[in-house]
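Examination of the molecular architecture
Here is what each chain is made of, one letter per residue.
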Amino acid sequence: MDLFEFGRSLQGNKLSGNIPSVIGLMQALAVLDLSCNMLSGSIPPILGNLTYTEKLYLHGNKLTGYIPPELGNMTKLHYLELNDNRLSGRIPPELGKLTDLFDLNVANNNLEGPIPGNLSSCKSLNSLNVHGNKLTGTIPAALKSLESMTYLNLSSNNLQGPIPIELSRIGNLDTLDISNNNIIGSIPSSLGDLEHLLKLDLSNNQLSGLIPQELSQLQNMVSLRLQNNKLSGDVTSLVNCLSLSLLNVSYNKLVGVIPTSNNFSRFPPDSFIGNPDLCGNWLNSPCHVNHPTERATLSKAAILGIALGGLVILLMILLAACRPYNPSPFPDGSLDKPVSFSPPKLVILHMNMALHVYEDIMRMTENLSEKYIIGYGASSTVYKCVLKNCKPVAIKRLYSHYPQCLKEFETELETVGSIKHRNLVSLQGYSLSPYGHLLFYDYMENGSLWDILHGASKKKKLDWDMRLKIALGAAQGLAYLHHDCSPRIIHRDVKSSNILLDGDFEPHLTDFGIAKVLCPSKSHTSTYIMGTIGYIDPEYARTSRLTEKSDVYSYGIVLLELLTGRKAVDNESNLHHLILSKTANNAVMETVDPDITATCKDLGAVKKVYQLALLCTKRQPSDRPTMHEVARVLGSLMPSPAAATTASAKQQEATLTPTSLPCAKAPSSCYIDEYANLKTPHLVNCPSMSTSDAQLFLKFGEVISQNSE
């Protein structure tokens with residue numbers, strides 16, 4: 001075993017005791033990975049002699065003491081991860097000598113003192129994470145020199161002072177997290193220059209002043225957290241941040257009216273609570289023009305004027321009451337100016353809702369009473385309604401009255417209602433009116449995949465076969481939208497909460513009704529980024545260019561959820577980033593959900609699905625497979641209905657003859673078994689495998705070596 005493999009093999013082995021100083025004598029060591037063990041004691045300063053080591057992983061142990069300044073001598077170091085230990089003392093300035101350092105992670109320790117300005121010498125630094133320590137002092141303005149950095153996390157410390165305007169010089173930054181500190185002053189308007197910024201978290205500080213208008217320039221930003229500060233003014237400066245899918249400005253001193261245009265219609269009430277003078281329909285608070293603090297005195301003339309005005313208004317009301325009522329029809333394309341008070345029209349798309357009218361639905365749900373609510377979404381509330389035929393439907397009530405063009409929306413709903421596939425939730429009908437837009441869908445007994453995997457009270461443990469079935473069904477539904485329906489449809493928001501499960505745990509994709517209908521062979525470009533944090537294709541967020549491969553990326557994240565049982569984003573953890581870091585150490589299988597390892601007979605199949613998920617989430621859309629290819633790969637891994645019978649027959653025949661069965665008699669298992677030979681395609685002898693399948697697995701098998709591109 002060479003030294004490189006030696007270093008990798010010590011990760012996650014429940015090792016205890018101190019780190020042997022003798023390791024510092026292995027100067028040819030390229031990678032030293034002792035992470036995720038139970039090591040204690042201090043980090044030996046002699047490790048600084050490893051001048052050829054490129055990766056040092058000591059995270060996830062119980063290490064104490066200080067960070068040796070001698071580590072600054074490891075001039076070839078690219079990755080230094082000391083996070084999740086019990087280290088104390090200061091971050092040594094000597095680390096500034098690591099000019100080739102790409103990733104520095106010291107999060108979740110007990111480190112104190114300031115952030116060394118010397119780190120600005122690490123010109124190659126792409127990621128700096130000091131979250132969850134006891135660091136003090138101000139944020140060094142010298143960090144502006146780190147022009148290659150994309151991830152900066154300074155959260156959950158005791159940092160003070162203002163946000164340096166110089167941070168706007170880090171032009172490639174996509175994540176900036178300074179939350180949970182004691183930062184004061186205003187939000188620098190210069191942050192609006194960070195054109196690649198996706199996530200900005202300044203919550204839980206002492207920031208004051210207005211929300212800068214310049215933040216509206218951040219057209220790629222998908223997450224903005226400003227809660228628990230002392231910000232004042234209104235929120236209108238954020239209306240043009242069209243990519244935002246998560247906004248929280250709660251518990252500040254904001255005033256004015258909450259906008260309803262653009263993406264503001266998608267944000268739940270919790271985004272704005274705790275601002276007494278901020279008003280809007282969602283907060284159930286009236287919008288007062290002013291708040292008088294002194295009793296006004298009225299002149300006699302003013303009193304007389306008010307009385308006469310009241311008399312005129314009373315006469316107008318009496319005249320209107322005597323006039324016959326002739327309601328005018330709805331104006332085309334408008335939902336904001338109701339002119340008719342007749343009950344809204346209920347459009348029936350499937351016979352399941354035949355003979356129902358709007359009043360029936362309102363009566364059955366007691367005017368959409370809270371007792372019938374079964375779920376909330378970013379843009380809607382979902383109710384359960386049992387129809388006259390005793391069959392339930394799910395009613396999605398949209399929060400806002402979008403889109404503005406009623407006819408186009410109706411046309412799209414008619415198109416979606418005509419789509420039928422066993423893995424798509426059927427749109428039964430709809431009702432569009434000033435009283436609210438209602439969409440009627442098939443009701444799914446077992447809720448969403450998110451509920452099953454992450455819900456507070458898990459209804460059922462999913463074994464491996466069940467997860468594979470769900471993955472395949474969702475892939476087939478998405479493949480149908482992409483390739484088999486006319487016109488083709490891009491979902492735009494593939495995630496585990498949009499995969500619903502029926503009584504047999506058969507998966508059904510929902511919410512594709514908001515997707516845009518595409519013309520063949522054309523992609524769709526939009527300035528409005530749709531999707532959910534953790535699932536959004538980074539290329540789509542960066543360029544606003546939407547293709548089917550954006551859905552493929554999101555689906556890959558769902559696969560990782562199924563494999564690990566973890567959320568796509570959970571506090572400070574990003575699932576995709578976690579899996580990528582594990583692939584670098586060949587430790588992906590450590591993240592497998594225990595419910596899988598307890599029920600899967602062939603972990604090789606689990607590895608293949610990991611590889612497939614990584615292929616789906618490649619950074620370049622052209623490197624990702626199509627959903628037809630994804631479905632074909634997953635289908636090959638599914639146990640055939642006759643698998644048990646075939647296995648039993650094989651066992652019986654084996655007792656009679658030592659000769660194994662021909663490949664053609666077990667095509668499914670052969671397909672999997674031949675995977676190892678696909679790097680030499682001329683050795684593939686299985687007649688059941690097509691050339692295209694072999695080529696797909698060739699491409700699919702190379703993902704581990706390329707996953708970090």
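Note that the coordinates shown come from a computational prediction; the quantities given were computed from them, not determined experimentally.

The helix and strand inventory of the protein chain stands at 16 helices and 30 strands. Of all intrachain contacts in the protein chain linking residues separated by at least 6 positions in sequence, the fraction that spans at least 24 positions is 53%. Total accessible area computed for the protein chain in this model is approximately 33100 Å², and 54% of it derives from carbon and sulfur atoms.

Look at the UniProt record and you will see "binding site: ATP" (unreviewed entry) annotated at Lys396. Topologically, lysine 396 is positioned in strand E22 (residues 392–398). With near-sequence residues (within four places) excluded, lysine 396 lies in contact with Ser380, Thr381, Val382, His437, Leu438, Leu439, Tyr441 and Asp511.

Tracing the backbone shows leucine 125 in the loop between strand E7 (112–113) and strand E8 (127–129). Remark: the alpha-carbon pair of leucine 125 and serine 145, spanning 20 residues in sequence, is separated by 10.0 Å. If we ignore the near neighbours within four places in the chain, the residues touching leucine 125 are Leu101, Phe102, Asp103, Leu104, Leu146, Ser148 and Met149.

With respect to the element layout, aspartate 33 can be found in strand E2 (residues 31–33). Looking at aspartate 33, the relative accessible area reads 0%, which means it is buried. Within the local environment of aspartate 33, its side chain forms a polar contact with the side chain of serine 35, the two groups lying 2.6 Å apart.

With that out of the way, let us pick up the sheet that holds strand E5 (residues 79–81). Pairing is parallel across the open sheet formed by 10 strands, whose spatial order is E2-E4-E5-E6-E8-E10-E11-E12-E14-E16. A strand with exactly one partner marks an edge of an open sheet, and here the two such strands are E2 and strand E16 (246–248). This sheet shows a mean twist of 10° between the axes of neighbouring strands, independent of strand direction. Sheet topology note: the strand E12 (residues 199–201)/strand E14 (residues 223–225) ladder contains three bridges and is parallel. Looking across to E14, one finds that leucine 200 is bridged to leucine 224.

Here we come to the pattern of salt bridges. Inspection of every chain in the model, using the stated rule, returns 12 salt bridges. For arginine 467, the salt bridge goes to aspartate 593, with nearest N and O atoms at 3.2 Å. Here arginine 467, found in helix H6 (residues 464–484), pairs with aspartate 593, found in the loop between helix H9 (575–584) and helix H10 (594–597); they are 126 residues apart in sequence, far enough to count as distant. The same class applies to arginine 467 and to aspartate 593, which are both buried. Three or more residues joined by partner-sharing salt bridges are found here, namely Asp360, Arg363 and Lys388.

Now for the packing of helix H8 (residues 548–564) against H9. Interhelical geometry of H8 versus H9 gives an angle of 70° and a closest axis separation of 10 Å. Here H8 lies roughly perpendicular to H9, going by the angle between them. Here Tyr553, Ile557, Leu560, Glu561 and Thr564 of H8 come into contact with H9, specifically with Leu575, His576 and Ile579. When grouped by side-chain class, the residues that make up the contact of H8 with H9 number five nonpolar, two polar and one charged.

Right, let's get into the pairing of strand E21 (residues 380–386). Across the seven residues of E21, five count as buried, placing the element largely inside the fold. As paired strands, strand E20 (residues 373–376) and E21 are joined by three bridges and run antiparallel to one another. Across the sheet, isoleucine 373 pairs through a bridge with tyrosine 383, a residue of E21. Two strands pair when backbone bridges link them, and E21 and E22 are joined in this way by seven bridges, in the antiparallel orientation. Of the residues in E22, the one forming a bridge with serine 380 is leucine 398. The hairpin turn running from E21 into E22, its antiparallel successor, is five residues long, and cysteine 390 in that turn takes a positive phi close to 70°.

A separate point is the packing of aromatic side chains. Applying the stated rule across the entire model yields two aromatic pairs. Arranged with centres 6.4 Å apart and planes meeting at 45°, the rings of tyrosine 57 and tyrosine 79 form a pair that is tilted. In this pair, tyrosine 57 sits in strand E4 (residues 55–57) while tyrosine 79 sits in strand E5, placing the two residues 22 residues apart along the sequence. Under the relative-accessibility criterion, tyrosine 57 is labelled buried at 4%. Grouped by ring-pair contacts, the aromatic residues Tyr57, Tyr79 and Phe102 constitute a single cluster.

It is the contact of H6 with H8, at a shortest axis distance of 11 Å, that shows an interaxial angle of 170°. Viewed along their axes, H6 and H8 adopt a mutual orientation that is roughly antiparallel. On the side of H6, the interface is formed by Trp464, Arg467, Ile470, Ala471, Leu472, Ala474, Ala475, Leu478 and His482, while H8 contributes Glu548, Asp551, Tyr555, Leu559, Leu562 and Leu563. Partitioned by chemical class, the residues of the contact of H6 with H8 number 11 nonpolar, one polar and three charged.

Calculation criteria
- Residues numbered from 1 in each chain as written.
- Predicted model: local features only at pLDDT ≥ 70, side-chain atom pairs only at ≥ 80, totals over all residues.
- Heavy atoms only, no water.
- Helix = DSSP H or I, 4+ residues; strand = E, 2+ residues; numbered from the N terminus.
- Contact = heavy atoms within 4.5 Å.
- Areas by Shrake-Rupley, 256 points an atom, 1.4 Å probe, with all protein chains shown as cover.
- UniProt positions renumbered as here; feature names shortened; annotations may be inferred.
- Buried < 20%, exposed > 50% of the residue type's maximum accessible area, 1.4 Å probe, protein only.
- Polar contact = N/O pair within 3.5 Å; in protein donor to acceptor, adjacent residues only side chain to side chain.
- Pairing = 2+ DSSP bridges.
- Axes fitted to C-alpha atoms, helices over the stretch in contact; angles between N-to-C directions.
- Salt bridge = Lys/Arg side-chain N within 4 Å of Asp/Glu carboxyl O.
- Parallel < 35°, antiparallel > 145°, perpendicular 65-115°, else oblique.
- Nonpolar A, V, L, I, M, F, W, Y, C, P; charged D, E, K, R; others polar.
- Phe/Tyr/Trp six-rings, centres within 6.5 Å; stacked < 30°, edge-to-face > 60°.

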